[in-house]
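So the chains spell out like this:
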Amino acid sequence: MAATVEELYRNYGILADAKDNLSQHKDAYQVILDGVKGGPKEKRLAAQFIPKFFTSFPELADAAINAQLDLCEDEDVSIRRQAIKELPRFAAGENLPRVADILTQLLQTDDSAEFNQVNSALISIFKIDAKGTLGGLFSQILQGEDLVRERAIKFLCNKLKTMPEDTMTKEVEDYIFTETKKVLEDVTGEEFVSLMRILSGLKTMQTVSGRQQLVELVVEQAFLEQPLNPADADSVDRLLQCTRQALPLFSKNVHSTRFVTYFCEHVLPNLSMLTSPVAELDIQLEVLKLLAEMSPFCGDMDKLEANLTMLFEKLLEFMPLPPEEGENGENAGNEEPKLQFSYVECLLFSFHQLGKKLPDFLIDKVNAERLKDFKIRLQYFARGLQVYIRQLRVALQGKTGDALKTEENKIKVVALKITNNINVLIKDLFHNPPSYKSTVTLSWKPVQKPEATAAVVGQKRVSGEDAGAGAVMKKLSPLPRRDARQIYNPPSGKYSGTIGNFSYEQRGGFRGGRGRGWGSRGNRSRGRIY
């Protein structure tokens, strides 16, 4: 039987006046619990009164929590908000993980005010017992409905970084790492990115050993022990996303060797056959850019000579021989070879980085005829470079500030960086013996100094040494942007060709649902599972 407003107030008064003898008034508390069966006024009072005396009646704890949960699911949103607001008062001792689990399920609400109330309640109990709250959150991430799982992961992504240091102890961070590893056994690509963002923000992961642990997690997700199926867009997408997540973790102490080896052995041989997961993405260029970014952090390789040979062969594919000339000195062919500068920048940089580990490769490992052919290609490419560098400098001459921010000029600035980089690397390889001493910043990497852009577009050519070494961004890649590539079409002329495809933040996303094959996860339970 539902209690009336008058009965609720009367029994509230009995309990409030009882002080040390509260436990003797179990019947009065039961009347308050029965308030959830009444109308809107009774329910609002019950939502406030039930938690106030909750701790005094442990034998009615389950009944009290269930009564409050009924109010959390009421049709009246104002009643739900009041009930949710009071839920943290039930979060004591062994009840806390249960309350955290309940609040996590309530994240699925579509009412923004109610959703914010749930977030606030979760944060408040997190500060009471972080590990217990995480237990409830991870329980739903592992077993809950898809929407709850998604929002629980998002909660951790957004809120963990705001928690005070005394809350995020080493024990708590270790627990997060352990539970996240369980979740990673069955994730979508987007979830993988979010979970890596969570882990990379932990203090315990900022050490060399911590970053190495994160790399191991990515290696496991990337399936580097399996050959790559270039025709399977999901497999290609998985590799791209995993590599992007690993990139910020690499350093002189945390090596990229396994990824670089995999790219050389399984990706480069299939480069032209790769299936892009995103229609607008130049998959070949994307792969080559990732390889270039990883190559400075490669450690000792078991098959260095074989991998350098693969890079060398692939580089030759993108560096054409000069066209044959006719009797009058004109091009005997119908078309000039296209110079694909963006591809060559990546391949030359990667070859230059790995070449440092085997500096005699071009002398002892490549026969004289092949080396001669390579230098002819380098020379022809270098001649084309000089033409473009002059054209780009003229186009950018005197431009500063807003003039450099137009889309066309931004592309030309990047094009100038590409051609300058290639020029520096080619000069190194023309040394006798070849040199591997110059350093360049890859054209798509962020500028290290504010004045760097102005220097690039000035009259004086910027050397590779001036540009500085490429630095790894110590933050995780953003979620994919699928906008179209920006393409710079150079002026026509003898060395005309595609200067490159410039994608500033061209990142593909995962396809499909969850699963170790990035397929669908199993069916989740539905309905209230409090």
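Residues numbered from 1 in each chain as written. Predicted model: local features only at pLDDT ≥ 70, side-chain atom pairs only at ≥ 80, totals over all residues. Heavy atoms only, no water.

(A) Structural view of the overall build of the protein chain. In terms of regular secondary structure, the protein chain is built from 22 helices and two strands. Among the 530 residues that make up the protein chain, the fraction classed as buried is 52%. Within the protein chain, contacts between residues separated by at least 24 positions form 76% of all contacts whose residues are at least 6 apart in sequence. Entry remark: accessible area of the protein chain is about 24400 Å², with carbon and sulfur atoms responsible for 48%. (Helix = DSSP H or I, 4+ residues; strand = E, 2+ residues; numbered from the N terminus. Buried < 20%, exposed > 50% of the residue type's maximum accessible area, 1.4 Å probe, protein only. Contact = heavy atoms within 4.5 Å. Areas by Shrake-Rupley, 256 points an atom, 1.4 Å probe, with all protein chains shown as cover.)

(B) Broad picture of the side chain of Asp282. Relative to the helices and strands, Asp282 is located in the loop between α14 (257–267) and α15 (283–294). Under the relative-accessibility criterion, Asp282 is labelled buried at 12%. Reaching out from Asp282, the side chain makes a polar contact with the side chain of Tyr343 at a distance of 2.6 Å. (Polar contact = N/O pair within 3.5 Å; in protein donor to acceptor, adjacent residues only side chain to side chain.)

(C) Summary view of the nonpolar core. Ranked by size, the top nonpolar core spans 150 residues in total, and within it Tyr29, Ile50, Leu103, Ile176, Leu362 and Phe374 carry the most contacts. At nine residues, the largest contribution of residues to this core is made by helix α17 (residues 341–355). Residues within four places of Leu103 in sequence aside, it is in contact with Ile84, Leu87, Val118, Ala121, Leu122 and Ile125. Ranked by size, the runner-up nonpolar core spans seven residues in total, among them Leu392, Leu404, Ala415 and Leu416. (Core = buried A, V, L, I, M, F, W, Y, C linked by side-chain atoms within 4.5 Å.)

(D) View of the pattern of salt bridges. As enumerated under the stated definition, the model contains 23 salt bridges in all. A salt bridge links Glu317 to Lys314, with the shortest nitrogen-to-oxygen separation between them at 3.2 Å. Pair noted here: Glu317 and Lys314 are both in helix α16 (residues 304–317), with a separation of three residues, about one helical turn. For Lys314, a relative accessible area of 6% translates into the label buried. (Salt bridge = Lys/Arg side-chain N within 4 Å of Asp/Glu carboxyl O.)

(E) Examining the packing of aromatic side chains more closely. What the rule picks out here adds up to 14 aromatic pairs. Pairing Tyr12 with Phe53 gives two aromatic rings, centres 5.5 Å apart and planes at 65 degrees, and the pair type is edge-to-face. Separated by 41 residues along the polypeptide, Tyr12 in helix α1 (residues 5–18) and Phe53 in the loop between α3 (40–52) and α4 (61–72) bring together distant segments of the chain. When its relative accessible area of 23% is taken as the criterion, Tyr12 is described as partly exposed. Ring geometry for Phe341 and Tyr388: centres 5.1 Å apart, planes at 85 degrees, overall edge-to-face. A residue pair is termed long-range when its members are at least 10 positions apart, and Phe341 in helix α17 and Tyr388 in helix α19 (residues 368–396) qualify at 47 residues. On the accessibility criterion, Phe341 (0% relative accessible area) is buried. Grouped by ring-pair contacts, the aromatic residues Tyr9, Tyr12, Phe49 and Phe53 constitute a single cluster. Over the face of the ring belonging to Phe223 we find Arg238, whose NZ or CZ atom lies 4.2 Å from the ring centre. (Phe/Tyr/Trp six-rings, centres within 6.5 Å; stacked < 30°, edge-to-face > 60°. Lys NZ or Arg CZ within 6 Å of the ring centre and 35° of its normal.)

(F) Looking closely at helix α9 (residues 146–159). Look at α9: 20 Å from first C-alpha to last across 14 residues, which is about the 20 Å you get at 1.5 Å a residue. Taken together, the buried positions of α9 are Val148, Arg149, Ala152, Ile153, Phe155, Leu156 and Cys157. Taken together, the buried residues of α9 touch α6 (96–105), α7 (112–128), α8 (130–143), α10 (170–183) and α11 (189–200). (Expected span 1.5 Å × (residues − 1).)

(G) A look at the packing of α9 against α11. Contact geometry of α9 with α11 gives a least axis separation of 9 Å together with a crossing angle of 30 degrees. Viewed along their axes, α9 and α11 adopt a mutual orientation that is roughly parallel. With respect to the hand of their crossing, α9 and α11 are arranged in left-handed fashion. Across from Arg149, Ile153, Leu156 and Cys157 in α9, the residues of α11 making contact are Glu191, Ser194, Leu195 and Ile198. Of the residues in the contact of α9 with α11, the class split is five nonpolar, one polar and two charged. (Axes fitted to C-alpha atoms, helices over the stretch in contact; angles between N-to-C directions. Parallel < 35°, antiparallel > 145°, perpendicular 65-115°, else oblique. Left-handed = near helix turned anticlockwise from the far one by under 90°. Nonpolar A, V, L, I, M, F, W, Y, C, P; charged D, E, K, R; others polar.)

(H) Quick peek at unusual backbone geometry. Residue Pro433 is reached from Asn432 by a cis peptide bond, and omega for that bond is 0 degrees. Tracing the backbone shows Pro433 in the loop between α20 (407–430) and α21 (452–457). Unusually for a residue other than glycine, Phe223 sits at a positive phi of about 55 degrees. Structurally, the position occupied by Phe223 is in the loop between α12 (208–222) and α13 (233–246).

(I) Expanded view of the environment of Lys131. You can see Lys131 is positioned in helix α8. For Lys131, a relative accessible area of 35% translates into the label partly exposed. Sequence separation of Lys131 and Leu96 is 35 residues, and the distance between their C-alpha atoms is 9.9 Å. Those residues in contact with Lys131 that lie beyond four places of it in its chain are Glu171, Val172 and Tyr175.

(J) Summary view of the confidence of the model for the protein chain. Across the protein chain, pLDDT averages 84, with 82% of residues at or above 70. Below pLDDT 50 for its whole length, residues 450–517 participates in 213 contacts with residues either more than four positions away or in separate chains. The low-confidence segment residues 519–530, where pLDDT is below 50, has 38 contacts with residues more than four positions distant or belonging to other chains. (pLDDT = per-residue confidence, 0-100.)

(K) Representation of the packing of α11 against α13. Viewed as axis vectors pointing N to C, α11 and α13 meet at an angle of 10 degrees, and their least axial separation amounts to 11 Å. Considered as vectors, α11 and α13 are oriented roughly parallel to each other. Contact residues: Phe192, Val193 and Met196 in α11; Gln241, Cys242 and Gln245 in α13. Among the residues making up the contact of α11 with α13, the classes are represented as four nonpolar, two polar and no charged.

(L) Structural view of the side chain of Arg377. With respect to the helices and strands, the residue Arg377 is situated in helix α19. Judged by relative accessible area, which is 15%, Arg377 ranks as buried. What Arg377 contacts, discounting residues up to four positions off in sequence, is Leu316, Met319, Pro320 and Leu321.

(M) How the structure looks around the environment of Phe177. By secondary structure assignment, the location of Phe177 is in helix α10. Remark: the alpha-carbon pair of Phe177 and Leu214, spanning 37 residues in sequence, is separated by 9.6 Å.

(N) Structural view of α6. Of all ten residues making up α6, eight are buried, and the element is well covered by its neighbours. Listing the buried residues of α6 in full gives Leu96, Val99, Ala100, Asp101, Ile102, Leu103, Thr104 and Gln105. On its buried face, α6 sits against α4, α5 (77–86), α7, α8 and α9.

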